[in-house]
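This is what each chain is made of:
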Amino acid sequence: MDLGLQEKVIIVTGGAKGIGEAISKLVAAEGGIVVIAGRSTADNEKTVSDIIAAGGKALAVTAELGLVDDCRKVITETVAKYGKIDGLVNNAGANDGVGLENGSPERFMQSLQNNLSHYYNLAHFALPYLKATKGNIVNIGSKVATTGQGNTSGYAASKGAINALTREWAVEMLPYSIRINTVIPAEVWTPLYETWINSLPNPQEKLASITAKIPFERRMTTSAEIANTTVFLLSPRSSHTTGQIVYVDGGYTHLDRSIS
Ligand code: NAP
């Protein structure tokens, strides 16, 4: 299927690693132009050079997305280089373990800044350009918004808000034909996931106990599987899909995990 993404300019936050890297590379493979926005210049440039080496088009923008001015810069640099924006993938985030008991008001607000505010800020600054192209937004959420996890209030609040904003923005953007959707991963092997599992007392045992509870094929979701759904939603092939929260999680969130 031709997804119709040739020459479409798509911003992917956190697009250098993990799920974001898979999305960036798939957009480029479909003929789109990727703008990778993330905090590490070296990581961004590595993924951009991988894409260019494979015959694709990409730009790196260094941005600490918790900072409003850096979000503004992502949009201005994209428009300065390409003159338009067709899509925004709000993906960057981290499960940062700011708990109710173990956190603090300051750390909670910082977690919202790192996981939630830039989803709004980038959408806000990109809006005039998305209106011009009838572009669209795909947010990457988390099953934590639905299931909870414990000891991660800031992240859970951010991901819950992203689900709410998916519906809210989809309604507000109807007059402009801008679609908004969210993809929900549960357990995906990425650098972030590896760091988290290795922070636990018995990482290998914990990993085995998690994968044993993933209903579909008792395995983790791959970044490529998240990317496939995300890029389909970004594409004009999803032209009548908006306000949807799509779980790409092997049934982890909604199926009965006690069934073996
Ligand atoms: P990852 O491997 O850590 O990649 C995320 C990328 O985003 C990294 O390059 C990271 O930079 C960058 N980034 C994160 N926060 C940033 C910020 N505030 N400013 C600038 N750059 C930032 O993460 P991932 O596992 O692919 O996760 C991607 C998304 O999926 C996140 O929204 C996460 O909540 C969601 N998710 C993942 C899973 C999973 O199982 N992996 C499950 C549910 C939801 P650094 O490496 O320098 O920090």
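Residues numbered from 1 in each chain as written. Predicted model: local features only at pLDDT ≥ 70, side-chain atom pairs only at ≥ 80, totals over all residues. Heavy atoms only, no water.

**A word on the sheet that holds strand β2 (residues 33–38)**
Strands in a sheet are paired, the pairing made by backbone hydrogen bonds, and the direction either parallel or antiparallel. Basically, it comes down to this: One bridge is not enough; two strands pair if DSSP finds at least two bridges between them. A run of H or I in DSSP becomes a helix once it reaches four residues, and a run of E becomes a strand once it reaches two; helices and strands are each numbered from the N terminus. Under this scheme, a helix contributes an axis fitted over its contacting stretch, all axes are lines through C-alpha atoms, and angles between N-to-C directions fall in the 0 to 180 degree range. The criterion used for residue contact is that any of the two residues' heavy atoms lie within 4.5 Å.
One open sheet holds the seven strands; their spatial order is β3-β2-β1-β4-β5-β6-β7, and the pairing between them is parallel. Each end of this open sheet is capped by a strand with a single partner; those strands are β3 (57–62) and β7 (244–247). Ignoring strand direction, the axes of neighbouring strands in this sheet form an average angle of 20 degrees. Judged from the six bridges that link them, β2 and β3 form a sheet pairing that is parallel. For A37, the partnering residue across the bridge sits in β3 and is V61. Sitting on the sheet, helix α2 (residues 41–53) is in contact with β2 and β3, with an inclination near 175 degrees to β3.

**Here we look at unusual backbone geometry**
Counted only if it meets this: Residue exposure (1.4 Å probe, protein chains only): buried if accessible area is under 20% of the type maximum, exposed if over 50%, otherwise partly exposed.
At S177, a residue that is not glycine, the phi angle is positive and equals roughly 55 degrees. One non-glycine residue, R218, lies in the positive phi region at around 45 degrees. Mapped onto the elements, R218 comes out in the loop between α8 (203–211) and α9 (223–234). Note on R218: relative accessible area 33%, which makes it partly exposed.

**Some details on the pairing of strand β1 (residues 9–13)**
Among the five residues that make up β1, five are buried, leaving the element largely enclosed by the rest of the structure. Burial along β1 is two-sided: V9, I11 and T13 facing one way and I10 and V12 facing the other are all buried. Direction of pairing for β1 relative to β2: parallel, over a ladder of five bridges. When the bridges of β2 are listed, V9 appears paired with I33.

**Regarding the pattern of salt bridges**
This is how it is decided: Salt bridge, as used here: a side-chain nitrogen of Lys or Arg that lies within 4 Å of a carboxyl oxygen of Asp or Glu.
Evaluated as defined, the whole model comprises eleven salt bridges. We note a salt bridge from R72 to D69, for which the minimum N-O separation is 2.7 Å. Taken together, the residues R72 and D69, both in helix α3 (residues 68–82) and three residues apart, mark about one turn of the helix. E187 is the partner of K143 in a salt bridge, and the nearest nitrogen-oxygen pair spans 3.5 Å. Here K143 is found in the loop between β5 (136–140) and α5 (144–147), whereas its partner E187 is found in the loop between β6 (179–184) and α7 (191–198), with 44 residues between them in sequence. The buried category is assigned to E187, whose relative accessible area is 5%. Linked through salt bridges whose partners overlap, the residues forming this network are E21, K25, K46 and D50.

**Comments concerning the layout of surface pockets**
Condition: Using only the protein atoms, space was sampled on a 1 Å grid; points where a 1.4 Å probe fits but cannot get out form cavities, open sets with protein on both sides within 12 Å along at least five of seven lines form pockets, and lining residues are those with an atom within 4 Å of a point. Grid points are joined across faces, edges and corners, and a volume is the space filled by probe spheres set on the points. The nonpolar class holds Ala, Val, Leu, Ile, Met, Phe, Trp, Tyr, Cys and Pro. Asp, Glu, Lys and Arg form the charged class, and all remaining residues, Gly among them, are polar.
Approximately 310 Å³ is the volume found for the second largest pocket. Lining of the second largest pocket is provided by 21 residues; of these, K134, G135, N136, S177 and R179 occupy positions nearest its centre. Of the residues that constitute the lining of the second largest pocket, the class distribution is eight nonpolar, nine polar and four charged.

**Structural notes on the packing of helix α1 (residues 18–29) against α2**
Note the following rule: An angle below 35 degrees is read as roughly parallel, one above 145 as roughly antiparallel, one from 65 to 115 as roughly perpendicular, and any other as oblique. Throughout, a crossing is termed right-handed when the near helix is turned clockwise from the far one, and left-handed when it is turned anticlockwise from it by less than a right angle.
Direction vectors running N to C along α1 and α2 enclose 25 degrees, while the axes themselves pass 10 Å from each other. If you check the angle between α1 and α2, you find them roughly parallel. Like other packed secondary-structure pairs, α1 and α2 cross with a definite hand, here right-handed. Only T47, D50 and I51 of α2 make contact with α1, whose side of the interface consists of E21, S24, K25 and A28. The class makeup of the residues in the contact of α1 with α2 is two nonpolar, two polar and three charged.

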